[in-house]
Amino acid sequence: MFLASFFSNIVTMFQNNYDLFFYGLRMTLILAFVGTGVGLLIALVLAYVKVQEITTSQRFKAFLQRILQGFAYGYVGFFRGTPMIVQAMLFYYGMQRMGFDIRVLTAGLIVVSLNTAAYLTEVIRSGLNSLDKGQKEAGLSLGLSMRQVYILILYPQALKNMIPAIGNELVVNIKDTAVLSVIGVSELFYMGRRVGSASYLFTEAFIIVSVMYLVIVSIAMTMLHRLGNGNPRKRERVMP
Amino acid sequence: MIELKNIEKVFDDTVVLKNINVTFKKGEVTVIIGPSGSGKSTLLRTINWLEKPTQGDVYFEKERVQNQASSLETLRTQATMVFQAFHLFNHLTVLKNCTLGPIKVLKQARHVAEAYALEQLKKVGMDAYKDRLVNTLSGGQKQRVAIARALTMAPKVILFDEPTSALDIEMVQEVVETIKHVASEGLTMVLVTHEIELAKAIADRVIFMDQGEIVEDRKNTDIFTQPKMERTKQFLQKITH
Ligand SMILES: Nc1ncnc2c1ncn2[C@@H]1O[C@H](COP(=O)(O)OP(=O)(O)OP(=O)(O)O)[C@@H](O)[C@H]1O
Ligand SMILES: [Mg+2]
């Protein structure tokens, strides 16, 4: 009896509020995809700055490189060393305090991008370090500039090895953007709480939210698996 | 054409090159020999500044090489390197390996670069493989592509660092023949090798290095038959037995 009414509550709740849940899901996906994409672009630049050896004899250039490197280290240290929920509060209220009337979604997108960039910087850095240093030397000895060596030779090779790690970051973002509800971004977690508090049926609301997260994360992981290994079935067969 | 003046190179605390004063002339094929760890690779890599000398200067066509990007890029387009381990660009095809430099550095149009690259690939006998990804090739084939890649830059000098040392024995000959062919065209070359047969065939000059120093520097290939220094004699005895 109890179970039956419990399930029918869930179904009714979903039927009455599916637009809110799907709106939340859409926000979650936007945050995760934009955050991972923009984060990746920022990370490509930061990783480049971080891995440079300073060899030039031009004083000013070397000085500039050192400043940039210091910034990159500080950046990565800060974003990996503090919780994203704290970063979100700091950024959103910091902007308000400085007089910028920023929308919560914009703030959320910026925070998740900046946060992802810090993690992906380390992923890219280790991807670059795992390449044979002969690749770089061969590029340089054709007269390519350092920037060309990275863009034309090292990044294409490193990125191919990094697809699983970038995908992993996407999955993490689908789940972890829930913390952005703290500044009022109406993503899936936020919507779950809203629907739940309207009826005080929090358990039912968060069962729906959990199922939606699970489905979307599973889809993302399956797609990534395909992307990573070509045909996933072939791979399963060789597994013990 | 290339002059190294008072070059010294220190890694950590070990002196790897000391008191290197040497000039390489246009059209000359110089072979550098010497025991493992004697500094041959480091000397070669100093010429195109893959290693920055701790002391001393490098002059390329009378111009002092400056330790800044533009000077080094100019130097390297004219003094390009063939490595022991090939270092072909793994994500590109044979042809793309050979057109990357000409298109991006020499700013050639793609069709011009491709035509010239095909010519060079033909020279090394690899034109039939132009669309293959490089990691599907054998070692000997890879090294021939690497030589073609260097040639596409139309450099003034090619630096070879033990181009046959990473090859299985049955592939050494095809690369040796390719290098001989390139040498016969009058290109300036500096070549580090343990292949005495190759050295004898192409050298206008042979330099023997030991412990970071140039011990003997001889015209032609006389060094192999009449070495002057005791250290050279000992080395030659060791490698011919
Ligand atoms: N990047 C480096 N860091 C520290 N020491 C180095 C480095 N590169 C070379 N060396 C040292 O410098 C010395 C000379 O090395 P080099 O590679 O020039 O010798 P080589 O004559 O080319 O030897 P081989 O015939 O084995 O290639 C060696 O003792 C080597 O250990
Ligand atoms: Mg060597």
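S.K.: I tried to follow the site of ligand 1 on my own but got confused; where do I start?
M.R.: Residue and element names in this part refer to chain B. Around ligand 1 lies a shell formed by Phe11, Val16, Pro35, Ser36, Gly37, Ser38, Gly39, Lys40, Ser41, Thr42, Glu162 and His194. Within the contact set of ligand 1, an oxygen atom lies 2.8 Å away from a backbone nitrogen or oxygen of Gly37. Contact between ligand 1 and Lys40: an oxygen atom at 2.8 Å from a side-chain N or O atom of the residue. Within the complex, the protein chains bury 59% of what would otherwise be the 630 Å² of accessible surface of ligand 1. Grouping the constituent residues of the shell around ligand 1 by class yields 3 nonpolar, 7 polar and 2 charged.

S.K.: Looking at this model, I keep getting lost on the environment of Asn16 of chain A. Mind explaining?
M.R.: Looking at where Asn16 of chain A falls in the secondary structure, it is placed in helix 1 (residues 2–51). Spatially, the C-alpha atom of Asn16 of chain A lies 9.7 Å from that of Val195 of chain A, the residues being 179 residues apart in sequence.

S.K.: I tried to follow the pairing of strand 8 (residues 188–192) of chain B on my own but got confused; where do I start?
M.R.: It is a general feature of regular strands that their side chains alternate between the two faces of the sheet. Residues and elements named next belong to chain B. When you tally the buried positions in strand 8, you get 5 out of 5 residues, the bulk of the element. The alternating pattern of strand 8 places Thr188, Val190 and Val192 and Met189 and Leu191 on opposite faces, both of which are buried. Sheet topology note: the strand 3 (residues 29–33)/strand 8 ladder contains 4 bridges and is parallel. Its bridge partner being in strand 8, Ile32 is matched across the sheet by Val192. Here 5 bridges tie strand 7 (residues 157–161) to strand 8, and the two strands are oriented parallel to one another. Counterpart to Phe160 in the pairing with strand 8 is Leu191. Taken together, strand 7, helix 6 (residues 169–183) and strand 8 form a β-α-β motif whose crossover is right-handed.

S.K.: Would you mind going over the interface of chain B and chain A with me for this structure?
M.R.: How big an interface is tends to be reported as the loss of accessible area on association of its parts. Each partner contributes to the interface: chain B provides 26 residues, whereas chain A provides 24 residues. Buried surface at the junction of chain B and chain A, both sides included, amounts to about 2,000 Å², of which 57% is carbon and sulfur. Linking chain B with chain A are 1 salt bridge, by the criterion used here. For Arg45 of chain B, the salt bridge is made with Glu137 of chain A, and the minimal N-O distance between the two is 2.7 Å. There are 8 residue pairs in polar contact (both at pLDDT 80 or more) connecting chain B and chain A. Counting only elements with at least two residues in the side of chain B that touches chain A, the list comes to helix 2 (69–78), strand 6 (79–82) and helix 3 (94–104) of chain B. Of all the elements, helix 2 of chain B adds the most residues to the side of chain B that touches chain A, at 4 residues. For the side of chain B that touches chain A, the per-class residue count stands at 10 nonpolar, 9 polar and 7 charged.

S.K.: Before we go on, may I ask you to explain the pattern of salt bridges in this structure?
M.R.: Pairs may arise between side chains of opposite charge once their charged atoms sit close together. Counted by the stated rule, this structure contains 20 salt bridges over all chains. The partner of Glu122 of chain A in a salt bridge is Lys50 of chain A, and the shortest N-O contact between them spans 2.7 Å. Within this pair, whereas Glu122 of chain A is found in helix 4 (residues 104–129), its partner Lys50 of chain A is found in helix 1, the two being separated by 72 residues in sequence. Of the residues examined, Lys50 of chain A reaches a relative accessible area of 8% and is grouped as buried. Where Asp217 of chain B meets Arg205 of chain B, a salt bridge forms, and the shortest distance between an N and an O atom there is 2.8 Å. Here Asp217 of chain B, found in strand 10 (residues 213–219), pairs with Arg205 of chain B, found in strand 9 (residues 205–210); they are 12 residues apart in sequence, far enough to count as distant. Judged by relative accessible area, which is 11%, Arg205 of chain B ranks as buried.

S.K.: Where do I start with the packing of helix 4 (residues 110–123) of chain B against helix 5 (residues 139–152) of chain B in this structure?
M.R.: Two numbers describe a pair of packed helices, the interaxial angle and the distance between the axes. Residues and elements named next belong to chain B. One can describe the packing of helix 4 onto helix 5 by two numbers: an axis separation of 9 Å at closest approach and a directional angle of 140 degrees. For the element pair helix 4 / helix 5, the angle class is oblique. The element helix 4 and its partner helix 5 pack so that their crossing is right-handed. Contacts from Tyr116, Ala117, Gln120, Leu121 and Lys123 in helix 4 reach Val145, Ala148, Leu151 and Thr152 in helix 5. Of the residues in the contact of helix 4 with helix 5, the class split is 6 nonpolar, 2 polar and 1 charged.

S.K.: Can you walk me through the sheet that holds strand 1 (residues 2–11) of chain B in this structure?
M.R.: Pairing between the strands of a sheet is mediated by backbone hydrogen bonds and can be parallel or antiparallel. Across the sheet, 4 strands lie side by side as 2-1-4-5 (chain B); this open sheet has antiparallel pairing. Edge positions in the open sheet fall to strand 2 (14–24) and strand 5 (63–64) of chain B, since each of these has one partner strand only.

S.K.: In this structure, what is going on with the sheet that holds strand 3 of chain B? I would like to understand it.
M.R.: Residues and elements named next belong to chain B. Pairing within the open sheet is mixed, and its 6 strands lie in the order 6-7-8-3-9-10. The sheet is open, and its two edges are formed by strand 6 and strand 10, each paired on a single side. If you compare each strand with its neighbour and ignore which way they point, the axes differ by 20 degrees on average. Both strand 9 and strand 10 contribute to a ladder of 6 bridges, which runs antiparallel. When the bridges of strand 10 are listed, Ile207 appears paired with Asp217. Its contacts with the sheet place helix 5 against strand 6 and strand 7, and it is angled at close to 175 degrees to strand 6.

S.K.: Please clarify how the nonpolar core should be interpreted in this entry.
M.R.: Side chains that are nonpolar tend, in soluble globular proteins, to be buried together. Formed by 55 residues in total, the largest nonpolar core has its most connected members in Ile124 and Leu128 of chain A together with Ile2, Leu4, Ile20, Val157 and Leu159 of chain B. Among the elements that take part in this core, helix 6 (residues 146–176) of chain A stands out by supplying 8 residues, more than any other. The contact partners of Leu128 of chain A, leaving out residues within four places of it in the chain, are Val51, Tyr150, Leu154, Tyr155 and Ala158 of chain A. Residues Leu95, Ala117, Ile158 and Val215 of chain B belong to the second largest nonpolar core, which totals 46 residues.

Calculation notes
Residues numbered from 1 in each chain as written. Chains lettered and ligands numbered in written order. Predicted model: local features only at pLDDT ≥ 70, side-chain atom pairs only at ≥ 80, totals over all residues. Heavy atoms only, no water. Near = heavy atom within 4 Å. Polar contact = N/O pair within 3.5 Å; in protein donor to acceptor, adjacent residues only side chain to side chain. Areas by Shrake-Rupley, 256 points an atom, 1.4 Å probe, with all protein chains shown as cover. Nonpolar A, V, L, I, M, F, W, Y, C, P; charged D, E, K, R; others polar. Helix = DSSP H or I, 4+ residues; strand = E, 2+ residues; numbered from the N terminus. Buried < 20%, exposed > 50% of the residue type's maximum accessible area, 1.4 Å probe, protein only. Pairing = 2+ DSSP bridges. Right-handed = clockwise from strand over helix to strand, strands pointing away. Contact = heavy atoms within 4.5 Å. Buried area = accessible area lost by both parts, 1.4 Å probe. Salt bridge = Lys/Arg side-chain N within 4 Å of Asp/Glu carboxyl O. Axes fitted to C-alpha atoms, helices over the stretch in contact; angles between N-to-C directions. Parallel < 35°, antiparallel > 145°, perpendicular 65-115°, else oblique. Left-handed = near helix turned anticlockwise from the far one by under 90°. Core = buried A, V, L, I, M, F, W, Y, C linked by side-chain atoms within 4.5 Å.

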